[in-house]
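# Examination of the molecular architecture
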Protein chains: 4
Amino acid sequence: MRQVNVGVIGCGYWGPNLVRNFARHPHASLMAVADVVKERAERTGAEFRVPLVTDDAQRVIGSSSVDLVVIATPVWTHYELCKQAINAGKHVLVMKPLATRTDKAEELCDLAQRKGVLLAVDHTFIFTGAVQKIKELVDSDELGELYYFDSVRINLGLFQHDVNVLWDLAPHDVSIMDHLMGCLPDEVTAVGMCHGGSPTENIAYLTVRYGHSFLGHVHVNWLAPAKIRRTIVGGSRKMLVYDDMEPSEKVRVYDKGVSFLADPNDSTEEQYKPLVSYRSGDMWVPQLEMKEALSVEAENVISAIRGRSELIVTGQDGLRVVRILEAAERSIQSSGAPVKIRPAIAAA
Amino acid sequence: MRQVNVGVIGCGYWGPNLVRNFARHPHASLMAVADVVKERAERTGAEFRVPLVTDDAQRVIGSSSVDLVVIATPVWTHYELCKQAINAGKHVLVMKPLATRTDKAEELCDLAQRKGVLLAVDHTFIFTGAVQKIKELVDSDELGELYYFDSVRINLGLFQHDVNVLWDLAPHDVSIMDHLMGCLPDEVTAVGMCHGGSPTENIAYLTVRYGHSFLGHVHVNWLAPAKIRRTIVGGSRKMLVYDDMEPSEKVRVYDKGVSFLADPNDSTEEQYKPLVSYRSGDMWVPQLEMKEALSVEAENVISAIRGRSELIVTGQDGLRVVRILEAAERSIQSSGAPVKIRPAIAAA
Amino acid sequence: MRQVNVGVIGCGYWGPNLVRNFARHPHASLMAVADVVKERAERTGAEFRVPLVTDDAQRVIGSSSVDLVVIATPVWTHYELCKQAINAGKHVLVMKPLATRTDKAEELCDLAQRKGVLLAVDHTFIFTGAVQKIKELVDSDELGELYYFDSVRINLGLFQHDVNVLWDLAPHDVSIMDHLMGCLPDEVTAVGMCHGGSPTENIAYLTVRYGHSFLGHVHVNWLAPAKIRRTIVGGSRKMLVYDDMEPSEKVRVYDKGVSFLADPNDSTEEQYKPLVSYRSGDMWVPQLEMKEALSVEAENVISAIRGRSELIVTGQDGLRVVRILEAAERSIQSSGAPVKIRPAIAAA
Amino acid sequence: MRQVNVGVIGCGYWGPNLVRNFARHPHASLMAVADVVKERAERTGAEFRVPLVTDDAQRVIGSSSVDLVVIATPVWTHYELCKQAINAGKHVLVMKPLATRTDKAEELCDLAQRKGVLLAVDHTFIFTGAVQKIKELVDSDELGELYYFDSVRINLGLFQHDVNVLWDLAPHDVSIMDHLMGCLPDEVTAVGMCHGGSPTENIAYLTVRYGHSFLGHVHVNWLAPAKIRRTIVGGSRKMLVYDDMEPSEKVRVYDKGVSFLADPNDSTEEQYKPLVSYRSGDMWVPQLEMKEALSVEAENVISAIRGRSELIVTGQDGLRVVRILEAAERSIQSSGAPVKIRPAIAAA
């Protein structure tokens, strides 16, 4: 396949960014755009000279001149549109989250495999220079054994109709954490609350436990006075802070740590000896790849369809994120009671 | 009583700060200092010309020339030393936390009441200009209805022998939150983890629910690469950020908020209308009282003993903080399961 | 005049921003765009459906369907193009600086007056919400008597061919200072230097004296490791910091100052008394108008041409800025020797 | 000499810090303290158990049990006290600036040499971990050829009686710059102004030219709303920012720079080609020595007196700083006219 023909469904907030990046790709041809609000589809279609412009998603899915269907619609429509597109034999790239229920997400993964098409999930942050650098540091053991992942993503945000703050913002943080860990956690707890008449949670705290030595935590909030997007990753050798609000120095790697000296079972007279030795060295801010994340993602998806590389974010990655968020949702409904994750997998 | 005679037990890290502030108080006389490590008592005693210098706490408690016993010793000794001092008819000021078990803390409160002595707890932050200003803003309804309290206190910290990070750092945040709320919450959940051979938790997340509209959250961590001490308080009218690492502009008050427009039960066509209207106005950094918190606290304790004012942080305040921390500890032990607080009180 | 017909010369870095803002204005019609690099004109022309697209500036200037000529070309072409456009009876908006010589700038001002057309200079920063707020604070005497204006605009910048860093960056700061002061200074000194083979100065310091009580200073630098754009305005009552790198809290107003207590001619024993009393109050961050500066500027220019309001940045404003920069240039050539400004005017 | 006997004159703001650091030094013995305000001498003397406590500087200078006289008095007394102490055969450490006139500073250097005593100047910042690291980076050619030194030291500061802001604050920055350069500049220009009734300049800008390729600039201000202490050093290979207000990450080294591509004498068609290529790499924050600067300085002075190492800041270093400041003062008096430095030396 020389050229990949692309159809995009959804021209709201995010869709036009996807359109723009596929339109610029040398091996992609933008063939169709759809939006229920016709004028949005028309505006986008005119700017990029798209042959088919429609308010009917089915015309994109059914078009014989489309190889890849990009889905940028509200979350509650993801499952149905993905299923239709996969059934029509199309490759699919769908905005996060893949779906809002684990069983639906699993069904989509299975279906894509059976149909022999690619199912990609738009976890955009995975393709940023910052997260690529962090992944590289983790994989090369620069940080040592990973201890924790702590992420804060708060703002006076855009309250959503169809999802709460957890499903709106946490997929970013959970997908980054999942990308670093590459496996499912054991257990999730979460607490959330609705304020000021909001029908859905506008603040949520999500805790994720992997085994007995790694803890993940995500704080998402639509009702915060300051915009904070900061992730800390702690390891046995080094620790890093990823501050996405910094214009250029986003990732700081600290050569800091502790080593335990005293045996905690020591007798009482040891109580006044120092317990740990601290190590504090240089701090380092690596230069990051500055390409727009979506263009890197578009390149990966097109390249994977053309058989030239592996898909970086697959349906399975999207499924793990959905599994964690669904467990968090259930924990919120039961006042923060822990919800197990792995047994469900073992059973599967 | 013209002059209050003070004896201090514990001359380690924090004790000398207490000693210095009582020594400077015009209506306090420093009569005795004790420390199990004799040299520490001697160094402090020499600097402030204290008559009685000893390695035996009992000599301070038993001294007829001491009215107020200040206890600045490891946490596990608080209960026993407080009980002895109160039984000896002394007023007591004890470092946070008051005790590590609710029943012990309650016993101390009851005992102090029966003996007719004052029991004060050193929740130092309550006496900072920053927290005093925040309390004033909350009490004058400047923030409107309170929505949430989110506090982060992390650092490459001093690992403690006898307590985990929760009992070491969270009393600061919980005491501030409790000071603003003035009542017990309903429920607590907490998760923590030990890393790198630490015998106790070095990272913990604590969530506290008051009724159905206020959520408190505290993140404490001894193993973080950057020092962050930041509290956000969200209200229906205004929100504030208290950043204790700022040298002077510690409290920022944001005239920001949202008002809900749409009825969440609206029909589907409403899904594309805006849900909320955002309000964004000036930001304001109030000038804060710059006095050292401990000197304000010493003044309050001395003044209360002399009958000139009310104690600001009482044993009851210390008890509520212990109750929350104990519940958090139990939640950590049971993988984050929610622990109810109020029923226990109703039963009491 | 109902509608203003606009022609734009120059579609390089800045031109398309001007085009976009005039294209969106309800009372402006974009009739022509020109650029010596034809493809740039064509790209811009296509995006905004401009009737006349050309590589010949004369066709824009000579077009009978153009009322306003917008000049966004390299600095050395400003004088000639402005003169031609004014002579053709067109209103003119020209990018900063108006010209590189005082006599040329004066000639343009005179010519525009004789021809009865408007001559506007694109000092974009004047139209930002930040500078509008600062101007308002100065005019309402909130800051008291003005003491100094200190501006730093440094970066790893785009080295220019035809101008040094002074003519490239300092017009921004000088135009803001001039806007606040509204009159010519007495004297200018400046120092600059070329580095690394650069043919023109890449670092310059400019000092401007107004009378005996106001000092302006501008530091511009193309070869700095960090991007800083920060202006401090000191007054007798209040002081403010304008940090253009802050995403939202750009202007901070400090209620700070000093009052002199001691008579400086006092006898020797006064040498140990305090000289001043310090005042330190709240800090305040006003909410700023968030409209794009160029759209506010386009609105002002169109409205002035339609006779509905006064031009905010006139040729006379541009002339004062050129006078200061030319004096600075001469000071740099003579190793920083002071260059008088006012006498030249008195003579004129 | 095993032990160095130290006498300190001046127990005001800075003196006690010097006293404390010499008192703690294992090879120094504090023998005498003096202050015209007797109580200040007594307070300091009591704290450090000093044998001779006096309000008469002559008794320190004349004492046979004193080897090193430390002078921490107002600037206008430096010359006279230094001369007396040197004439009495004492080694001298004097607070910055060494004197306020070049001829006086030279006289002191000559006198010390003739008398065979050490004359050290307290340029404290030279002994900080930050400046030591910067010096190391410069000396190891890590920054390449040095281009500029830009320093800002502003605050709502302590207005001084006997000196203007230039002589009060600029010695810090000038001494750091001089330490990096190690030679005299060619020319100095400076501008300053008095505000609000101040008898002396409260704001000053100082520019220093070394040859044709290095520019130094210092901005000092007692009347600024925010506290800024930031120095930028630009070099051909790397650049660094030293921010003294950062609690720990004070020095940031940027792997950034430019290389010139185009020949500036190229023909007109070259005007649209890029002039430079930009290089942007990692940023690095070296771990700094955290010892108190004054203790490092005291160690160096004591060690030099004992013949174990070279004095790091000599009278000659102090003299170069005075020469620059005196030239700046003269430039301020003549409205910023450039004042030559080197010829004066050639003549000497």
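Attention here is on the structure that accompanies the text. Quantities reported herein were computed from a predicted structural model and do not represent experimental measurements.

What counts, and where the lines are drawn
- Per-chain numbering applies: the sequence of each chain, read as written, is numbered from 1 onward.
- Here the convention is simple: chains get letters from A, ligands get numbers from 1, in the order in which they are written.
- The predicted nature of this model means local features are confined to residues of pLDDT at least 70 and side-chain atom pairs, given and counted, to a pLDDT of 80 or more, with totals for whole chains, interfaces and linings taken over all residues.
- For side-chain calculations, the full set of non-hydrogen atoms in the structure is used, while hydrogens and water are omitted.
- Each helix is a run of DSSP H or I of at least 4 residues and each strand a run of E of at least 2, with the numbering of both proceeding from the N terminus.
- Note on method: radius of gyration uses C-alpha positions; expected globular size equals 2.2 Å times residues raised to 0.38.
- Residue exposure (1.4 Å probe, protein chains only): buried if accessible area is under 20% of the type maximum, exposed if over 50%, otherwise partly exposed.
- Contacts: residue pairs with any heavy atoms within 4.5 Å of one another.
- Every accessible area reported is derived by Shrake-Rupley at a probe size of 1.4 Å, with residue values counting cover from the shown protein chains alone.
- Residues counted as positive are Lys and Arg, residues counted as negative are Asp and Glu, and His and the chain ends are not counted.
- Where a charge lies is defined by one atom per residue type, namely NZ (Lys), CZ (Arg), CG (Asp) and CD (Glu).
- Summed over both partners, buried area is the accessible surface (1.4 Å probe) that two parts give up on being assembled.
- Any carboxyl oxygen of Asp or Glu that lies within 4 Å of a side-chain nitrogen of Lys or Arg is treated as forming a salt bridge with it.
- Residues are grouped as follows: nonpolar covers Ala, Val, Leu, Ile, Met, Phe, Trp, Tyr, Cys and Pro; charged covers Asp, Glu, Lys and Arg; every other residue, Gly included, is treated as polar.
- We treat two strands as partners when DSSP finds at least two bridges between them.
- All axes here are fitted lines through C-alpha atoms, helices being fitted over the stretch that makes contact, and every angle between N-to-C directions spans 0 to 180 degrees.
- For this overlay, a least-squares fit was computed on C-alpha atoms, restricted to residues scoring pLDDT of at least 70 in both copies.
- Angle categories: roughly parallel below 35 degrees, roughly antiparallel above 145, roughly perpendicular from 65 to 115, and oblique for all the rest.

### Things to note about the overall build of chain A
For chain A, the count of helices and strands is 10 helices and 15 strands. Expected size for 348 residues packed as a compact globule is a radius of gyration near 20 Å; at 22 Å, chain A falls within 12% of this value. Taken along its principal axes, the extent of the C-alpha atoms in chain A is 80 × 45 × 45 Å. Out of the 348 residues belonging to chain A, those deemed buried represent 60%. Sequence-distant contacts, at least 24 apart, represent 68% of the contacts inside chain A between residues at least 6 apart. As displayed, chain A has an accessible area near 13500 Å², and 48% of this comes from carbon and sulfur atoms. Chain A carries 37 positive and 44 negative side-chain charges, and their two centres are separated by 5 Å.

### Things to note about the interface of chain C and chain D
Interfaces are often sized by the amount of accessible area the parts lose when they come together. Taken together, the contact pairs 67 residues of chain C with 67 residues of chain D. Here chain C meets chain D over a buried area of about 5400 Å², counting both sides, of which 72% is carbon and sulfur. Linking chain C with chain D are zero salt bridges, by the criterion used here. Contributing elements (two or more residues each) for the side of chain C that touches chain D: strand 7 (146-156), strand 8 (187-193), strand 9 (203-210), strand 10 (214-221), strand 11 (223-235), strand 12 (239-243), strand 13 (251-260) and strand 14 (276-285) of chain C. Sorting elements by how many residues they give to the side of chain C that touches chain D places strand 11 of chain C first, with seven residues. Its residues assigned to classes, the side of chain C that touches chain D shows 36 nonpolar, 21 polar and 10 charged.

### Describing the sheet that holds strand 5 (residues 91-95) of chain D
All names here are of chain D. Overall, parallel pairing links the six strands, which are arranged 3-2-1-4-5-6 in an open sheet. Two strands lie at the open edges of the sheet, namely strand 3 (52-54) and strand 6 (119-122), each paired on one side alone. Mean inter-strand twist for the sheet, computed between neighbouring axes without regard to direction, equals 20°. Seen against the sheet, helix 4 (residues 78-87) touches strand 1 (4-9), strand 4 (68-71), strand 5 and strand 6 and runs at an angle of roughly 170° to strand 5.

### Some remarks on the sheet that holds strand 1 (residues 4-9) of chain C
Residue and element names in this part refer to chain C. The parallel open sheet is built from six strands, whose spatial order is 3-2-1-4-5-6. Unpaired on one side and paired on the other, strand 3 (52-54) and strand 6 (119-122) mark the two borders of the sheet. If you compare each strand with its neighbour and ignore which way they point, the axes differ by 20° on average. In the sheet, strand 1 pairs with strand 2 (residues 28-34) via six bridges, with the strands oriented parallel. Across the sheet, residue Asn 5 finds its bridge partner in strand 2, namely Ser 29. The sheet strands contacting helix 1 (residues 15-23) are strand 1, strand 2, strand 4 (68-71), strand 5 (91-95) and strand 6, and the helix crosses strand 2 at an angle near 155°.

### Some remarks on the relation of the copies chain C and chain D
Between the two copies, chain C and chain D, the superposition gives an RMSD of 0.0 Å; the rotation angle is 180° and the shift along the axis is 0.0 Å. Given the turn and translation reported, the copies of this chain are related as if by a two-fold rotation axis. Of every C-alpha in chain C, the one belonging to Ala 337 of chain C sits nearest the axis of rotation, 2.4 Å from it. A share of 100% of the interface residues of chain C reappears at the interface of chain D, consistent with the copies meeting face to face through the same patch.

### Some details on the environment of Pro 97 of chain A
All names here are of chain A. In this structure, Pro 97 sits in the loop between strand 5 (91-95) and helix 5 (102-115). Residue classification places Pro 97 among the buried residues on the basis of a relative accessible area of 1%. Taking the C-alpha atoms as reference points, Pro 97 and Arg 230, separated by 133 residues in sequence, lie 21 Å from one another. Not counting residues within four places of it along the chain, the set of residues in contact with Pro 97 comprises Val 75, His 78, Trp 167 and Val 322.

### Observations regarding the interface of chain A and chain D
On the chain D side, the residues contacting the 11 residues of chain A number 11 residues. Both faces considered, chain A and chain D share a buried interface measuring about 960 Å² in area, 35% of it formed by carbon and sulfur atoms. Among the residues of chain A in contact with chain D, Asp 282, Met 283 and Gln 287 of chain A are the three that bury the most area, contributing 48% of the side total. Connecting chain A to chain D are two salt bridges. Glu 249 of chain D is paired through a salt bridge with Arg 252 of chain A; the nearest N and O atoms lie 3.6 Å apart.

### A few points about the packing of helix 5 (residues 102-115) of chain C against helix 9 (residues 315-333) of chain C
The packing of two helices is summarised by the inter-axis angle and the distance between the axes. Residues and elements named next belong to chain C. Closest axis-to-axis distance for the helix 5/helix 9 pair is 9 Å, and the angle between their directions is 175°. Judged on the interaxial angle alone, helix 9 and helix 5 are roughly antiparallel. Side by side, helix 5 and helix 9 meet where Thr 102, Ala 105, Glu 106 and Cys 109 of the first sit next to Gly 315, Gln 316, Leu 319, Val 322, Arg 323 and Glu 326 of the second.

### Structural notes on the pairing of strand 7 (residues 146-156) of chain A
Residue and element names in this part refer to chain A. Among the 11 residues that make up strand 7, 10 are buried, leaving the element largely enclosed by the rest of the structure. Inspection of the sheet shows strand 7 paired to strand 11 (residues 223-235) by nine bridges, in the antiparallel sense. Each bridged residue has a counterpart across the sheet, and for Ser 151 the counterpart in strand 11 is Thr 231. In terms of strand pairing, strand 7 meets strand 10 (residues 214-221) through seven bridges, oriented parallel. Residue pairing for strand 10: Ser 151 is matched across the bridge by Val 218.

### Some remarks on the pattern of salt bridges
All names here are of chain A. What the rule picks out here adds up to 76 salt bridges over all chains. We note a salt bridge from Arg 320 to Asp 178, for which the minimum N-O separation is 2.6 Å. Of this pair, Arg 320 sits in helix 9 (residues 315-333) while Asp 178 is found in helix 7 (residues 165-181), placing the two residues 142 residues apart along the sequence. Using a relative accessible area of 16% as the deciding quantity, one classes Arg 320 as buried.

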